[in-house]
Amino acid sequence: MGIIAKGAKCNVTGCDKDGMRSLTTSKVEGTGLSISTSSKRTVLCKEHYKEWKKATKEDRDVERARFDRF
Ligand SMILES: [Zn+2]
């Protein structure tokens, strides 16, 4: 959480809000969020963190639905 303490901004393209969470970049890619970072950590603001959580939850729901058929 070190970079958050330094006042890092959200890494989503076009967003300049204060970062709230830092996540592994690979976990943020592929969730529909457009991020601009070359770092291994991606900083998200409160709103984009919520969006990310929603996106990953939907992924899990899809996987569960697929699993239930077997
Ligand atoms: Zn943001």
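Per chain, residues are indexed from 1 in the order of the written sequence. Only residues with pLDDT of 70 or above have their local features reported here, since the model is predicted, and side-chain atom pairs are shown and tallied only from 80 upward, although totals for entire chains, interfaces and linings are computed over all residues. Hydrogens are left out, water is left out, and the side-chain values use all remaining heavy atoms of the structure.

Asker: Looking at this structure, I do not really get the overall build of the protein chain. What am I missing?
Answerer: When helices and strands are counted, the protein chain shows three helices and two strands. To qualify as a helix, a DSSP run of H or I must reach at least 4 residues; to qualify as a strand, a run of E must reach at least 2; elements of each kind are numbered from the N terminus. Counting from the amino terminus, helix and strand elements in the protein chain follow one another as α-β-α-β-α. Only the protein chains shown count as covering a residue, and every accessible area follows the Shrake-Rupley method with a 1.4 Å probe. By element, 51% of the accessible surface of the protein chain is carried by carbon and sulfur atoms, the whole surface being about 5,300 Å².

Asker: I would appreciate a short explanation of the coordination of the zinc ion in the present structure.
Answerer: Around a metal, the perfect tetrahedron of four donors has angles of 109.5 degrees, and the perfect octahedron of six donors has angles of 90 or 180 degrees. With water excluded from the atoms, a metal site may look incomplete; its donors are any N, O or S atoms within 2.8 Å, or within 3.2 Å for Na, K and Ca. Summarising the metal site, the zinc ion is bound by the protein donors C10 (SG), C15 (SG), C45 (SG) and H48 (ND1), whose distances to it range over 1.9 to 2.4 Å. Every geometry call rests on angle ranges, with four donors termed tetrahedral when all angles are between 85 and 135 degrees, four termed square planar and six termed octahedral when opposite donors are over 155 degrees apart and all others are between 65 and 115, and everything else termed irregular. Here the zinc ion binds four donor atoms, and the angle range of 104 to 113° at the metal identifies the geometry as tetrahedral. Between the donor residues of the zinc ion, the gaps in sequence give the motif C-x4-C-x29-C-x2-H. Residues C45 and H48 agree in their burial class; the two are buried. Burial classification: accessible surface area is computed with a 1.4 Å probe over protein chains only, and a residue below 20% of its type maximum counts as buried, one above 50% as exposed, and the rest as partly exposed.

Asker: How should the packing of aromatic side chains be read in this particular structure?
Answerer: Within a pair of aromatic rings, the relevant descriptors are the distance that separates the centres and the angle that separates the planes. We call Phe, Tyr and Trp rings a pair once their centres come within 6.5 Å, taking the six-membered ring for Trp, and we label the pair stacked below 30 degrees between planes, edge-to-face above 60, and tilted otherwise. With the rule as written, the count across this model stands at one aromatic pair. Judged by centre distance (5.8 Å) and plane angle (20°), the rings of Y49 and W52 are stacked. Placement of the pair is Y49 and W52 together in helix α3 (residues 46–68), with a separation of three residues, close to one helical turn. You'll find Y49 and W52 in the same group, each marked buried.

Asker: Explain the confidence of the model for the protein chain to me, please; I cannot follow it from the model alone.
Answerer: Keep in mind that low pLDDT regions are not for reading the predicted coordinates in detail. As a per-residue measure, pLDDT reflects the predictor's confidence and takes values from 0 up to 100. A residue-level look at the protein chain finds 80% of positions with pLDDT of 70 or above and a mean pLDDT of 85. Taken element by element, the protein chain is modelled with least confidence in helix α1 (residues 2–5), mean pLDDT 62, and with most confidence in strand β2 (residues 41–44), mean pLDDT 95.

Asker: Got a minute to help me understand the pattern of salt bridges in this structure?
Answerer: Two side chains bearing opposite charge may form a pair once their charged atoms approach each other closely. Each salt bridge in this description consists of a side-chain nitrogen of Lys or Arg and a carboxyl oxygen of Asp or Glu lying within 4 Å of one another. Using the criterion set out here, one finds two salt bridges in the structure. The closest approach of N and O atoms between D18 and K9, which form a salt bridge, is 2.6 Å.

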